[in-house]
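For reference, the chains in residue letters:
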Amino acid sequence: SSFTQPFDYAEYREVNVGQAAEYMDGWVMKPGDTFSMNETILERTKANGYTSGTYISGGRFQEGLGGGVSIATTAAWTGAFFAGMEAIEVNPHSLYISRYQPGLEATVAWGLLDLKFRNNSDNGVLITTEAGPTFITVNRWGTKKYDDIYDVSSDRYNITSYPTEYDSSGECNSQGGVNGFTIDVWRVFENGGQEVDREKFTTRYDPTTRYVCSPPPQPAPTPTQTPSPDGGSRPPSG
């Protein structure tokens, strides 16, 4: 199994994704072993080789150490998905990020969220990685159990419109809004040209709030009527 996750270049992504890839490279999973992303790539600290970057917290994009490692996490999980490995703990982003295939991505947060999958085959699996300024590739080497493993996705459903909030503080970071939705992804296993098994994964994404870095717009003033000479009133001119 091999999976490549592309991403737009940013210096912090190159550093953090590359560091995570280095920790994963050469990892061996014996039959029955469970892979933990957090245990493998270690806590995101400067001492462990990570730098500050953008990550999601409380439904907003913020800055912190290790921003961007979810790119490596997604590559690790998607490759495991197509290798047929058993999902133990998979946490998608709370908000949809367009560089990922919906329903086939994952994130981690030290002490809170992990990515875990088990080698449920009868043979060992070697993980190798390659990373560049705009991509990470995660390979798994082992003995094939199925002729093919592929995904089938539903349409997006349960669409939820995004809200808009205004923030005039000096710490505001503007961001565009994205509707929330639910999607189903099936992992389909084939041997001899015939489907032998399938597994369903359902993912729900919250709407991404649109943040505008300005005070909220003021309502238009209500037109006032002016008295007429006969004591009545007349509509404003204009």
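Residues numbered from 1 in each chain as written. Predicted model: local features only at pLDDT ≥ 70, side-chain atom pairs only at ≥ 80, totals over all residues. Heavy atoms only, no water.

What follows covers the nonpolar core. Membership of the largest hydrophobic core comes to 32 residues, with the highest contact counts inside it found for Met 24, Met 37, Trp 77, Leu 115, Phe 117 and Ile 136. If you list the elements that add at least two residues to this core, you get helix 1 (11-24), helix 2 (37-41), helix 3 (69-83), strand 8 (125-132) and strand 9 (135-141). Of all the elements, helix 3 adds the most residues to this core, at eight residues. Not counting the four nearest positions on each side in its chain, Leu 115 is found in contact with Phe 35, Ser 36, Met 37, Thr 73, Ala 76, Trp 77, Glu 89, Val 90, Ala 106 and Val 108. (Core = buried A, V, L, I, M, F, W, Y, C linked by side-chain atoms within 4.5 Å. Buried < 20%, exposed > 50% of the residue type's maximum accessible area, 1.4 Å probe, protein only. Helix = DSSP H or I, 4+ residues; strand = E, 2+ residues; numbered from the N terminus. Contact = heavy atoms within 4.5 Å.)

Our next topic: the pattern of salt bridges. Counted by the stated rule, this structure contains four salt bridges. With its nearest N and O atoms 3.9 Å apart, the salt bridge here joins Lys 200 to Asp 184. Separated by 16 residues along the polypeptide, Lys 200 in strand 14 (residues 194-205) and Asp 184 in strand 13 (residues 180-191) bring together distant segments of the chain. (Salt bridge = Lys/Arg side-chain N within 4 Å of Asp/Glu carboxyl O.)

A contiguous nonpolar surface patch, about 310 Å² in accessible area, is contributed by Val 28, Leu 126 and Trp 141. Tracing the backbone shows Trp 141 in strand 9. Note on Trp 141: relative accessible area 53%, which makes it exposed. (Patch = residues over 30% accessible without salt bridge, like charges linked within 9 Å, V, L, I, M, F, W, Y side chains within 5 Å. Areas by Shrake-Rupley, 256 points an atom, 1.4 Å probe, with all protein chains shown as cover.)

What follows deals with unusual backbone geometry. Excluding glycine, residues mostly carry a negative phi; peptide bonds, for their part, are mostly trans. In this structure, Leu 42 is a non-glycine residue whose phi angle is positive, near 65 degrees. Its place among the elements puts Leu 42 in the loop between helix 2 and strand 4 (52-57). Looking at Leu 42, the relative accessible area reads 31%, which means it is partly exposed. With a phi angle near 55 degrees, Asn 158 is a residue other than glycine that sits in the positive phi range. Of note, Asn 158 is situated in strand 11 (residues 157-160).

This next bit is on the sheet that holds strand 7 (residues 116-118). Pairing within the open sheet is antiparallel, and its three strands lie in the order 3-7-6. Each having just a single partner strand, strand 3 (34-36) and strand 6 (86-89) make up the two edges of the open sheet. On average, each strand axis in the sheet is inclined to that of its neighbour by 25 degrees, with strand direction left out of account. Two strands pair when backbone bridges link them, and strand 6 and strand 7 are joined in this way by three bridges, in the antiparallel orientation. Residue pairing across strands places Glu 86 opposite Arg 118, the latter belonging to strand 7. (Pairing = 2+ DSSP bridges. Axes fitted to C-alpha atoms, helices over the stretch in contact; angles between N-to-C directions.)

We now examine the environment of Pro 217. Positionally, Pro 217 belongs in the loop between strand 15 (210-212) and strand 16 (226-227). Judged by its relative accessible area of 56%, Pro 217 is exposed. The spacing of Pro 217 and Tyr 166 is 51 residues in sequence and 8.8 Å in space, taken between C-alpha atoms.

On to the packing of helix 1 against helix 3, then. Following both chains from N to C, one finds helix 1 and helix 3 inclined at 40 degrees, their axes separated by 7 Å at the closest point. Relative to helix 3, helix 1 is oriented oblique. Considering how the two elements wind past one another, helix 1 and helix 3 form a crossing that is right-handed. Of the residues in helix 3, those touching helix 1 at Arg 13, Asn 16, Val 17, Ala 20 and Met 24 are Val 69, Ile 71, Ala 72 and Ala 76. Residue classes in the contact of helix 1 with helix 3 are distributed as seven nonpolar, one polar and one charged. (Parallel < 35°, antiparallel > 145°, perpendicular 65-115°, else oblique. Left-handed = near helix turned anticlockwise from the far one by under 90°. Nonpolar A, V, L, I, M, F, W, Y, C, P; charged D, E, K, R; others polar.)

Across the sheet, which stays open at both edges, the four strands sit in the order 1-9-8-2 with antiparallel pairing between neighbours. Taken across any chain shown, the strands that pair with only one partner, and hence form the sheet edges, are strand 1 (2-6) and strand 2 (27-29). Direction aside, neighbouring strands of the sheet carry axes that sit 20 degrees apart on average. In terms of strand pairing, strand 2 meets strand 8 through three bridges, oriented antiparallel. Across the sheet, the residue bridging to Met 29 is Val 125, located in strand 8. On the sheet, helix 3 packs against strand 1 and strand 9 and is oriented at approximately 35 degrees with respect to strand 9.

What follows concerns the pairing of strand 14. Look at any regular strand and the pattern is simple: side chains alternate between the two faces of the sheet. In terms of strand pairing, strand 13 meets strand 14 through eleven bridges, oriented antiparallel. Each residue of the ladder has a partner; that of Trp 186, found in strand 14, is Lys 200.

On the secondary structure map, Asn 119 appears in the loop between strand 7 and strand 8. For Asn 119, a relative accessible area of 2% translates into the label buried. A polar atom in the side chain of Asn 119 sits 3.2 Å from the backbone oxygen of Lys 30. Here Asn 123 takes part through its backbone oxygen, which lies 2.9 Å from a polar atom of the side chain of Asn 119. Not counting chain neighbours up to four residues away, the residues in contact with Asn 119 comprise Met 29, Lys 30, Pro 31, Gly 32, Asp 33, Met 85, Gly 124 and Val 125. (Polar contact = N/O pair within 3.5 Å; in protein donor to acceptor, adjacent residues only side chain to side chain.)

In short, the description is geometric, and any link to function would need to be established separately.
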